[in-house]
Amino acid sequence: MPRSSRGAKAIRNASWIETQAVSNRDLVRALRQDLDGGEAEAIALAVESDSPLLIMDEQHGRARADHFEIPCIGVIGVFIEAKDNGHIQAVRPHLDALREEAGFHIGDPLYIIG
């Protein structure tokens, strides 16, 4: 099993992660005109729950979230915050793992930040 699949299974089975269904299916359908299902549901749920922050990397999804005045942070921003708060020692190893193990696209300008 690829490492990223094991990670996905660990996330699905984590007791500290709570899932919540979106109530406003009309909003999800409207957002699906421009976004994939996960992004559409994440934005709709953030709207419903008055979420203070949304973790999203996809530019188009972030632009749609901005339309709803939902602040966003990407995974690289999460790593930078984690380093600044002493939870990790360095960002670069995590960026390397995202690129090499998960096939995550990180543009060179953002990669240099790490």
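In case you missed it, the structure is sitting above this.
Q: Would you mind going over the pattern of salt bridges with me for this structure?
A: For the structure on display, the rule yields four salt bridges. A salt bridge links arginine 29 to aspartate 26; the nearest nitrogen and oxygen atoms lie 2.5 Å apart. With arginine 29 and aspartate 26 both in helix H2 (residues 25–31) and three residues apart, the pair spans about one turn of that helix. Among the salt bridges present, the one from arginine 64 reaches aspartate 34, with a minimum N-O distance of 3.5 Å. Taken as a pair, arginine 64 in helix H4 (residues 59–67) and aspartate 34 in the loop between H2 and helix H3 (37–49) lie far apart in primary sequence, 30 residues in all. The exposure class assigned to arginine 64 is partly exposed, which follows from its relative accessible area of 22%. On the basis of relative accessible area, aspartate 34 is assigned to the partly exposed category, the value being 42%.

Q: What am I meant to see in a nonpolar patch on the surface here?
A: A grouping of Ile11, Trp16 and Ile17 is seen on the molecular surface, where their side chains present a nonpolar patch of about 360 Å² in accessible area. Structurally, isoleucine 11 can be placed in helix H1 (residues 3–12). For isoleucine 11, a relative accessible area of 49% translates into the label partly exposed.

Q: I keep staring at the environment of alanine 90 and nothing clicks. Help me out?
A: Secondary-structure assignment places alanine 90 in the loop between helix H5 (75–84) and helix H6 (92–102). Counting along the chain gives eleven residues from alanine 90 to phenylalanine 79, while the straight-line C-alpha distance between them is 8.4 Å.

Q: Which parts of the structure should I look at to understand the layout of surface pockets?
A: Any empty space left between atoms is shown by rolling a water-sized probe over those atoms. Approximately 410 Å³ is the volume found for the largest pocket. Contributing to the lining of the largest pocket are Gln20, Gly38, Ala42, Leu45, Ala46, Ser49, Ser51, Leu53, Leu54 and Ile55. Where the lining of the largest pocket is concerned, the elements lending two or more residues are H3 and strand E1 (54–55). Of the residues forming the lining of the largest pocket, the biggest block, five residues, is contributed by H3. Counted by class, the lining of the largest pocket contains six nonpolar, four polar and no charged residues. Within this model, the second largest pocket holds a volume of roughly 260 Å³. Lining the second largest pocket are 13 residues; nearest its centre among them are Asp57, Ile76, Phe104, His105 and Leu110. Ranked by residue count, the leading element in the lining of the second largest pocket is H5, at three residues. Looking at the lining of the second largest pocket residue by residue, the class counts come to five nonpolar, five polar and three charged.

Cut-offs and rules
Residues numbered from 1 in each chain as written. Predicted model: local features only at pLDDT ≥ 70, side-chain atom pairs only at ≥ 80, totals over all residues. Heavy atoms only, no water. Salt bridge = Lys/Arg side-chain N within 4 Å of Asp/Glu carboxyl O. Helix = DSSP H or I, 4+ residues; strand = E, 2+ residues; numbered from the N terminus. Buried < 20%, exposed > 50% of the residue type's maximum accessible area, 1.4 Å probe, protein only. Patch = residues over 30% accessible without salt bridge, like charges linked within 9 Å, V, L, I, M, F, W, Y side chains within 5 Å. Areas by Shrake-Rupley, 256 points an atom, 1.4 Å probe, with all protein chains shown as cover. 1 Å grid on protein atoms, 1.4 Å probe; cavity = no way out; pocket = protein on both sides within 12 Å on 5 of 7 lines; lining within 4 Å. Points joined across faces, edges and corners; volume = space filled by probe spheres on them. Nonpolar A, V, L, I, M, F, W, Y, C, P; charged D, E, K, R; others polar.

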